[in-house]
Amino acid sequence: GIQVEQSPPDLILQEGANSTLRCNFSDSVNNLQWFHQNPWGQLINLFYIPSGTKQNGRLSATTVATERYSLLYISSSQTTDSGVYFCAVPPSVSGGSNYKLTFGKGTLLTVNP
Amino acid sequence: DTAVSQTPKYLVTQMGNDKSIKCEQNLGHDTMYWYKQDSKKFLKIMFSYNNKELIINETVPNRFSPKSPDKAHLNLHINSLELGDSAVYFCASSQGTRRTNTEAFFGQGTRLTVV
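Rules of the game
- Residues numbered from 1 in each chain as written.
- Chains lettered and ligands numbered in written order.
- Predicted model: local features only at pLDDT ≥ 70, side-chain atom pairs only at ≥ 80, totals over all residues.
- Heavy atoms only, no water.
- Disulfide = S-S within 2.5 Å.
- Helix = DSSP H or I, 4+ residues; strand = E, 2+ residues; numbered from the N terminus.
- Buried < 20%, exposed > 50% of the residue type's maximum accessible area, 1.4 Å probe, protein only.
- Pairing = 2+ DSSP bridges.
- Axes fitted to C-alpha atoms, helices over the stretch in contact; angles between N-to-C directions.
- Contact = heavy atoms within 4.5 Å.
- Salt bridge = Lys/Arg side-chain N within 4 Å of Asp/Glu carboxyl O.
- Nonpolar A, V, L, I, M, F, W, Y, C, P; charged D, E, K, R; others polar.
- Phe/Tyr/Trp six-rings, centres within 6.5 Å; stacked < 30°, edge-to-face > 60°.

## Quick notes on the state of the cysteines
As enumerated under the stated definition, the model contains two disulfides over all chains in all. Linked covalently through their sulfurs, A:Cys23 and A:Cys87 form a disulfide whose S-S length is 2.0 Å. Taking the sign of the S-S torsion, about 75 degrees here, the bridge from A:Cys23 to A:Cys87 comes out right-handed. With A:Cys23 in strand S3 (residues 19–25) and A:Cys87 in strand S9 (residues 83–89), this pair connects stretches of sequence that are 64 residues apart. Exposure remark for A:Cys23: the relative accessible area of 0% places this residue in the buried category. In this structure A:Cys87 comes out as buried when scored by relative accessible area, which is 0%. Covalent S-S linkage joins B:Cys23 and B:Cys91, the inter-sulfur distance amounting to 1.8 Å. Taking the sign of the torsion about the S-S bond as the criterion, the disulfide between B:Cys23 and B:Cys91, at about -80 degrees, is left-handed. Highlighted residues: B:Cys23 in strand S3 (residues 19–25) and B:Cys91 in strand S9 (residues 87–94), separated in sequence by 68 residues. Comparing B:Cys23 with B:Cys91 shows no difference in burial state: the two are buried.

This is how it looks when you write it as structure tokens:
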């Protein structure tokens, strides 16, 4: 099945700093999602981004499907940005039923005041 | 109005018991899922249902039996609970076909603790 790798596994920032999280995937896919799991355990949708760039406030994401990676940018980080960031992809375009997402292991972000 | 809601939020039970988790979505989606998040935060698919039909059963023990009475509901029943079943279980939904899916939305999770 498709492999998803996220980096870095852990990241500690001071409030106000910027950061870039990366998601690599092993095969061609037709969509990709970024999620934030907050300290209360909720999985919050950030982006549904098969390709190109999207922005939502201080967050933006870019997926380069042909090179099999996606980046999540967090600017001017706040303590409320703390939590785990996951990317997830469906099975590769060439194989398997599309009815599931494979998740990376996540990036644990801690933003200190 | 919560898009994907699951109950209960917390469940503490003894080994050997049987328990159920309920999930409902009001997004009009035709596909629903159960995912399991282990103690290391790793999220893995358990089941997928499309139009009430089981599509994916990702080698989950027979003690886990999902049931979809209609497209808006997917419940998970677990028999003879074991310590290793302790985890957070997430329900999710999306709209799609075999080849493509829309954005998936997740419920708030059910933290199951087996003692």
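Back to the write-up after that little detour.
## Let's talk about the sheet that holds strand S8 (residues 73–78) of chain B
All names here are of chain B. Here we have four strands laid out as an open sheet, ordered S1-S3-S8-S7, and antiparallel in their pairing. In the strand order of this sheet, the two ends are held by strand S1 (4–7) and strand S7 (64–70), each with one partner. Ignoring strand direction, the axes of neighbouring strands in this sheet form an average angle of 15 degrees. Taken together, the four bridges between S1 and S3 define a ladder with antiparallel strand orientation.

## Side note on the interface of chain A and chain B
Quite often, the size of an interface is put as the accessible area lost when its parts meet. At the junction of the two partners, chain A supplies 20 residues and chain B supplies 26 residues. At the boundary of chain A and chain B, one finds one salt bridge. Measuring nitrogen to oxygen at the nearest pair gives 2.9 Å for the salt bridge that ties B:Glu58 to A:Lys100. Put simply, the parts of the chain that give the side of chain A that touches chain B at least two residues each are strand S4 (33–37) and strand S5 (43–48) of chain A. Here the side of chain A that touches chain B is built from residues that sort into eight nonpolar, ten polar and two charged.

## Observations regarding the pairing of strand S4 (residues 31–37) of chain B
All names here are of chain B. Counted residue by residue, S4 has six buried out of seven residues, so it is predominantly covered. Relative to strand S5 (residues 43–50), S4 runs antiparallel, the two sharing seven bridges. When the bridges of S5 are listed, tryptophan 34 appears paired with phenylalanine 47. In terms of strand pairing, S4 meets S9 through seven bridges, oriented antiparallel. In the sheet register, tryptophan 34 faces S9, and the bridge partner there is cysteine 91.

## Overview of the environment of A:Thr62
All names here are of chain A. By the secondary structure assignment, threonine 62 is in strand S7 (residues 59–64). A relative accessible area of 15% means that threonine 62 is categorised as buried. With eleven residues separating them in the primary sequence, threonine 62 and serine 51 have C-alpha atoms 6.9 Å apart. Look past the residues within four positions of threonine 62 in its chain and what remains in contact with it is Ile49, Gly52, Thr53, Tyr69, Ser70, Leu71 and Tyr73.

## Some points on the sheet that holds strand S8 (residues 69–74) of chain A
Residues and elements named next belong to chain A. On the basis of which strands lie adjacent, the open sheet formed by five strands has the order S1-S3-S8-S7-S6 and antiparallel pairing. This sheet does not close on itself; its edge strands, each paired only once, are strand S1 (4–7) and strand S6 (52–56). Adjacent strand axes in the sheet meet at a mean angle of 15 degrees when their direction is disregarded.

## Topic: the packing of aromatic side chains
For the coordinates displayed, the defined rule picks out nine aromatic pairs over all chains. Judged by centre distance (5.7 Å) and plane angle (80 degrees), the rings of A:Phe103 and B:Tyr35 are edge-to-face. Placement of the pair is A:Phe103 in strand S10 (residues 102–103) and B:Tyr35 in strand S4, with the two residues belonging to separate chains. A residue is classified by how much of its surface remains accessible, and A:Phe103, at 2% relative accessible area, is buried. Take B:Tyr35: its relative accessible area is 1%, and that puts it in the buried class. An angle of 75 degrees between the planes, with centres 6.4 Å apart, marks the rings of B:Phe90 and B:Phe106 as edge-to-face. Separated by 16 residues along the polypeptide, B:Phe90 in strand S9 and B:Phe106 in strand S10 (residues 105–106) bring together distant segments of the chain. Given a relative accessible area of 0%, B:Phe90 falls into the buried group.

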